[in-house]
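# Descriptive structure summary
As a plain string of letters, each chain reads:
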Amino acid sequence: MSTLLSFLIITLIVGIYLLRGRKMSNKAKEKLAAARERSFHEPVSLHPYIDPAKCIGSGACVKACPEKDIIGIIGGKGGLINASHCVGHGACAAACPVGAITLVFGTETRGVDIPCVTPNFETNIKGIFIVGELGGMGLIKNAITQGRQAADYISCMLRGEAAPAGALDLVVVGAGPAGLGASLAALKARLKFVTIEQGGTGGTVLNYPRRKIVMTSPVELPLHGNVRLRETSKEALLELWASVIKKTGLKINTLEKMTGLKQEESGLFRVVTPKAEYLTRTVVLAVGRRGAPRRLGVPGEDLPKVAYGMLDPEQHCKEHVLVVGGGDSAVEAALAISCKNDNRVTLSYRGAALSRIKPQNRKRLDEALSKGALSVIYDSNVKEIGAREVHLSVGEAVKKIPNDFVYIFAGGELPNELLRSIGIRIEKKFGTA
């Protein structure tokens with residue numbers, strides 16, 4: 001009798017476990033189908049590859065991921081769902097109890113261009129280093145760490161050798177997370193260096209919409225110590241960086257874009273900007289994958305009221321604002337401006353539908369549209385930007401709308417041409433580390 005009861009109890013437990021697993025799998029399949037409809041299933045940068053032969057379906061990777069619905073359990077195995085939203089955190093790989101996860105770039109069918117670098121982040125051109133997003137590491141913690149490690153390596157490499165007269169030890173190009181890490185490490189090592197940034201301090205983070213939540217992890221900042229932020233706002237992160245810069249006395253030449261980089265016969269590098277030319281022994285490129293923002297090439301684009309990154313929504317009051325673009329950055333900017341100070345916001349997108357935005361942004365956009373807080377004009381392109389209005393081509397018609405400010409989120413020009421002109425080798429990765 002006791003044997004039969006034990007058997008029934010075990011059978012019940014196994015049945016409940018299998019039923020629960022089937023429900024989880026079906027839910028994950030539904031989410032994957034929805035991700036495929038929106039083209040979210042294709043990874044765009046560093047992401048996990050889960051080996052089905054090793055995976056035991058523990059679900060540890062799902063629980064460890066700091067984002068939502070990146071990984072799910074399908075048919076008893078881990079699998080990617082919204083792969084395009086992966087930030088390359090790596091927590092999933094660390095949590096896997098059987099080592100079934102590796103972090104890779106690209107897929108078997110979709111390659112990703114990645115500069116070839118050594119473990120010390122040096123390219124095939126000795127003295128030029130690439131760190132952060134340009135090298136495939138978009139996560140803030142990883143970018144800061146890479147910048148710091150590259151500068152530490154440079155410090156060791158140059159130790160005991162004085163720089164030639166008039167030359168620097170290092171030029172850091174970019175003041176985002178990677179550039180900040182490299183600059184602080186260079187300052188700590190007492191290198192002769194200059195940091196230039198085409199925009200403002202913060203790089204890509206500076207262009208995030210106000211109050212955007214930024215995912216990061218505890219990380220060490222040279223001359224400051226450990227920073228134990230996990231989930232914070234854009235403003236809090238930028239405030240921290242500002243305080244670190246003030247505390248350390250770090251100098252950053254903002255609004256100074258690198259326009260040229262070449263190696264002299266002496267082996268030194270010449271970094272050219274509109275403001276100066278710098279002769280240096282080494283260069284750290286921390287410019288991000290977007291490089292310069294992509295322009296529309298239309299009349300009026302040079303007007304002061306045109307911006308390519310999100311400014312403070314509070315500056316707009318009862319204004320007509322046009323936001324151009326169809327990605328998350330454009331949608332988040334439009335939403336941030338539309339809910340402030342009685343602004344009239346129009347989102348212009350050249351496609352027929354916004355198919356690549358995150359689910360939470362889709363929900364917020366639908367709510368805003370239902371309330372009339374903003375409007376969307378699909379299949380539209382900016383034809384001309386005037387002082388008080390903007391001309392949009394919608395099909396064969398031209399629509400004129402009142403306008404006080406224009407935000408353009410058309411992506412960025414990949415700096416591959418710059419890298420190739422220098423001689424830096426670029427490799428297309430198809431699902432490899």
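In the block above lies the structure referred to throughout.
None of the values given here were measured: they were computed from a predicted structure.

## A look at the overall build of the protein
When you go through the protein residue by residue, the secondary structure sums to nine helices and 26 strands. For the protein, the proportion of its 433 residues judged to be buried stands at 47%. Contacts in the protein between residues at least 24 apart in sequence constitute 68% of all its contacts with a sequence separation of at least 6.

## A short note on helix H4 (residues 140-158)
If you check H4, its first and last C-alpha atoms are 27 Å apart, about what 19 residues at 1.5 Å a residue would give, namely 27 Å. Two residues or fewer past H4, Gly160 is found with a positive phi of approximately 85°.

## Considerations on the pairing of strand S23 (residues 397-402)
Of the strand pairs in this sheet, strand S22 (residues 389-394) and S23 are connected by six bridges, and their pairing is antiparallel. By the bridge assignment for S23, Val394 is matched with Ala397. In this structure, the hairpin formed by S22 and S23 is closed by a connection of two residues, where Gly395 is found at a positive phi of approximately 65°.

## Concerning the sheet that holds S22
Taken in spatial order, the three strands make up an open sheet running S21-S22-S23, and their pairing is antiparallel. Pairing within the sheet leaves two strands with one partner each, and these edge strands are strand S21 (380-385) and S23. Each neighbouring strand pair of the sheet contributes to a mean axis angle of 30°, computed without reference to strand direction.

## So, helix H7 (residues 328-338)
Where burial is concerned, most of H7 is hidden: ten out of the eleven residues are buried. Among the residues of H7, those classed as buried are Asp328, Ala330, Val331, Glu332, Ala333, Ala334, Leu335, Ala336, Ile337 and Ser338. On its buried face, H7 sits against strand S18 (320-324), strand S19 (344-348), helix H8 (359-370), strand S20 (374-377) and strand S24 (405-408).

## Comments concerning the packing of H4 against helix H5 (residues 177-188)
Two elements in contact, H4 and H5, have axes whose closest approach is 7 Å; the angle formed by their N-to-C orientations is 35°. Every pair of crossing elements has a handedness; the one defined by H4 and H5 is right-handed. Across from Ile140, Ala143, Ile144, Gly147, Arg148, Ala151 and Asp152 in H4, the residues of H5 making contact are Pro177, Ala178, Gly181, Ala182, Ala185 and Ala186. Class assignment for the residues of the contact of H4 with H5 results in nine nonpolar, two polar and two charged.

## As for unusual backbone geometry
Positive phi outside glycine occurs at Leu255, with the angle close to 55°. The backbone of Lys318 shows a phi angle near 55°, a positive value even though the residue is not glycine. In this structure, Lys318 sits in the loop between strand S17 (306-307) and S18.

## Quick word on the packing of aromatic side chains
For the structure on display, the rule yields three aromatic pairs. An angle of 45° between the planes, with centres 4.9 Å apart, marks the rings of Phe405 and Tyr407 as tilted. An aromatic cluster of at least three residues, connected via ring pairs, comprises Phe405, Tyr407 and Phe409.

## Some words on the nonpolar core
Counting 34 residues, the largest nonpolar core has Val131, Ile154, Leu170, Trp241, Leu250 and Val284 as its most contacted members. Looking at this core, the elements that each hand over two or more residues are H4, strand S7 (168-173), H5, strand S10 (219-221) and helix H6 (234-248). The element contributing the most residues to this core is H4, with seven residues. Ile357, Leu374, Phe405 and Tyr407 belong to the second largest nonpolar core, which has 22 residues in total.

## Quick look at the sheet that holds S19
Think of a sheet as strands paired side by side through backbone hydrogen bonds, with each pair either parallel or antiparallel. A sheet is described by the order of its strands in space; here five strands give the open sequence S17-S24-S18-S19-S20, paired in parallel fashion. In this open sheet, the two edge strands, each paired with only one partner strand, are S17 and S20. With two bridges joining them, S17 and S24 adopt parallel strand pairing. Bridge pairing in S24 places Val306 opposite Val406.

## Topic: the environment of Ile74
Along the chain, Ile74 falls in strand S2 (residues 71-74). When the C-alpha positions of Ile74 and Asn26 are compared, they lie 7.4 Å apart, and in sequence the two are 48 residues distant.

## A short note on the pairing of S21
Alignment of S21 against S22, held across five bridges, turns out to be antiparallel. Its bridge partner being in S22, Glu384 is matched across the sheet by His391. Linking two consecutive strands that pair antiparallel, namely S21 and S22, is a turn of three residues.

Parameters at a glance
- Residues numbered from 1 in each chain as written.
- Predicted model: local features only at pLDDT ≥ 70, side-chain atom pairs only at ≥ 80, totals over all residues.
- Heavy atoms only, no water.
- Helix = DSSP H or I, 4+ residues; strand = E, 2+ residues; numbered from the N terminus.
- Buried < 20%, exposed > 50% of the residue type's maximum accessible area, 1.4 Å probe, protein only.
- Contact = heavy atoms within 4.5 Å.
- Expected span 1.5 Å × (residues − 1).
- Pairing = 2+ DSSP bridges.
- Axes fitted to C-alpha atoms, helices over the stretch in contact; angles between N-to-C directions.
- Left-handed = near helix turned anticlockwise from the far one by under 90°.
- Nonpolar A, V, L, I, M, F, W, Y, C, P; charged D, E, K, R; others polar.
- Phe/Tyr/Trp six-rings, centres within 6.5 Å; stacked < 30°, edge-to-face > 60°.
- Core = buried A, V, L, I, M, F, W, Y, C linked by side-chain atoms within 4.5 Å.

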